[in-house]
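Structural characterization, general
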Amino acid sequence: MPQNPSERHAHDAARLAALIESAKPEDWSRPSPVAAWTALDVVKHLIEWSRGFLKGAGIELAPLDIEADPLAAWRRHTADVQAIVDHPAGRVLSNPNTGDSPVDEAIDQFYTADIWMHSWDLAKALGREPDLGEERCRTALAGMRPIEQLLRDSGHFGPAMPVADDASHQDKLAAFVGRDPAWQP
């Protein structure tokens, strides 16, 4: 597992890029495990919300035409965000929901984690078997359980899904955030 915000963003963004590269044009309209989202909507979400989120640090990034070329948009977006994480320049991101944080730490905590989690959704939408890493899933789940009610109240997670006690940590994490680990397109 990469050890700092820059390495984690580069790693997770590259893994998502590999999924995007593997998609055929007809794959973008496939349903995803997120209700009412297609595979393309997963990519659009990751690009659009984070570009808006960065405005809290005074960073204004140009909009991208995601529908025209999801891979090109992802590559441009990844380069934009990587430059910020690599050279945070003391910038602080202010957000009414999360408070003030150094921009690289805010990207790491909220955005890079979102790339990682939504890679599960995109992999499933594309008919691939996701691999988020058992240890990383276990660690993430351990960190989320104590703030479960806060997470549920945020509206970002659906109701937890049932899962067997002996399920993998990845399946437990997917179920915790409201995804059916057995979901298929």
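An account of the accompanying structure is given in this report. (Residues numbered from 1 in each chain as written. Predicted model: local features only at pLDDT ≥ 70, side-chain atom pairs only at ≥ 80, totals over all residues. Heavy atoms only, no water.)

Quick look at the overall build of the protein chain now. Counting its regular elements, the protein chain contains seven helices and two strands. Going from the N terminus to the C terminus, the protein chain shows its helices and strands as α-α-α-β-β-α-α-α-α. Dimensions along the principal axes, computed over C-alpha positions, put the protein chain at roughly 45 × 40 × 30 Å. Across the 185 residues of the protein chain, 45% fall into the buried class. In the form shown here, the protein chain has an accessible surface area of approximately 9400 Å², with 54% of it arising from carbon and sulfur atoms. Distance between charge centroids for the protein chain: 2 Å, based on 18 positive and 29 negative side chains. (Helix = DSSP H or I, 4+ residues; strand = E, 2+ residues; numbered from the N terminus. Buried < 20%, exposed > 50% of the residue type's maximum accessible area, 1.4 Å probe, protein only. Areas by Shrake-Rupley, 256 points an atom, 1.4 Å probe, with all protein chains shown as cover. Lys, Arg positive; Asp, Glu negative; His and termini not counted. Charge placed at Lys NZ, Arg CZ, Asp CG, Glu CD.)

A few words on empty space enclosed by the protein. Here the structure, examined in full by the defined rule, presents one cavity of 30 Å³ or more. The space that makes up the largest cavity amounts to roughly 40 Å³. Considering the residues around the largest cavity, the lining is formed by Asp12, Arg15, Ile115, Trp116, Ser119, Asp131 and Leu132. Elements with a contribution of two residues or more to the lining of the largest cavity: helix H1 (5-22) and helix H4 (103-125). The dominant element in the lining of the largest cavity, judged by the number of residues it contributes, is H4, at three residues. When the residues that make up the lining of the largest cavity are grouped by side-chain class, the tally is three nonpolar, one polar and three charged. (1 Å grid on protein atoms, 1.4 Å probe; cavity = no way out; pocket = protein on both sides within 12 Å on 5 of 7 lines; lining within 4 Å. Points joined across faces, edges and corners; volume = space filled by probe spheres on them. Nonpolar A, V, L, I, M, F, W, Y, C, P; charged D, E, K, R; others polar.)

Taken as a whole and assessed by the stated rule, the structure comprises four aromatic pairs. Relative to phenylalanine 176, the ring of phenylalanine 157 lies with its centre 6.3 Å away and its plane at 85°, an arrangement referred to as edge-to-face. You can see phenylalanine 157 sitting in the loop between helix H6 (148-154) and helix H7 (169-176) and its partner phenylalanine 176 sitting in helix H7, a full 19 residues away along the chain. In this structure phenylalanine 157 comes out as partly exposed when scored by relative accessible area, which is 21%. (Phe/Tyr/Trp six-rings, centres within 6.5 Å; stacked < 30°, edge-to-face > 60°.)

Moving on: the pattern of salt bridges. Under the defined criterion, the tally for this structure stands at eleven salt bridges. Put simply, arginine 8 and aspartate 108 hold a salt bridge, and the shortest N to O gap is 2.8 Å. A residue pair is termed long-range when its members are at least 10 positions apart, and arginine 8 in helix H1 and aspartate 108 in helix H4 qualify at 100 residues. This pair shows no difference in class: arginine 8 is buried, exactly as aspartate 108 is. Note that aspartate 121 is salt-bridged to arginine 179, the shortest N-O span being 2.7 Å. Separated by 58 residues along the polypeptide, aspartate 121 in helix H4 and arginine 179 in the segment after H7 bring together distant segments of the chain. Taken together, the shared-partner salt bridges in this structure form one network comprising Arg51, Arg76 and Asp80. (Salt bridge = Lys/Arg side-chain N within 4 Å of Asp/Glu carboxyl O.)

Put simply, the largest pocket is a space of about 1400 Å³. Every residue lining the largest pocket is counted, 40 residues in all, and those nearest its centre are Gln109, Phe110, Asp114, Leu151 and Phe157. For the lining of the largest pocket, the elements supplying multiple residues, two or more each, are helix H2 (39-53), H4, helix H5 (134-144), H6 and H7. The dominant element in the lining of the largest pocket, judged by the number of residues it contributes, is H4, at eleven residues. Looking at the lining of the largest pocket, its residues break down into 20 nonpolar, 13 polar and seven charged.

Burial along strand S1 (residues 92-95) is one-sided: Leu93 and Asn95 are buried, and none of Val92 and Ser94, which face the opposite way, are. Looking at chain direction, S1 and strand S2 (residues 99-102) are connected through four bridges and run antiparallel. Residue pairing across strands places asparagine 95 opposite glycine 99, the latter belonging to S2. What sits between the antiparallel neighbours S1 and S2 is a turn of three residues. (Pairing = 2+ DSSP bridges.)

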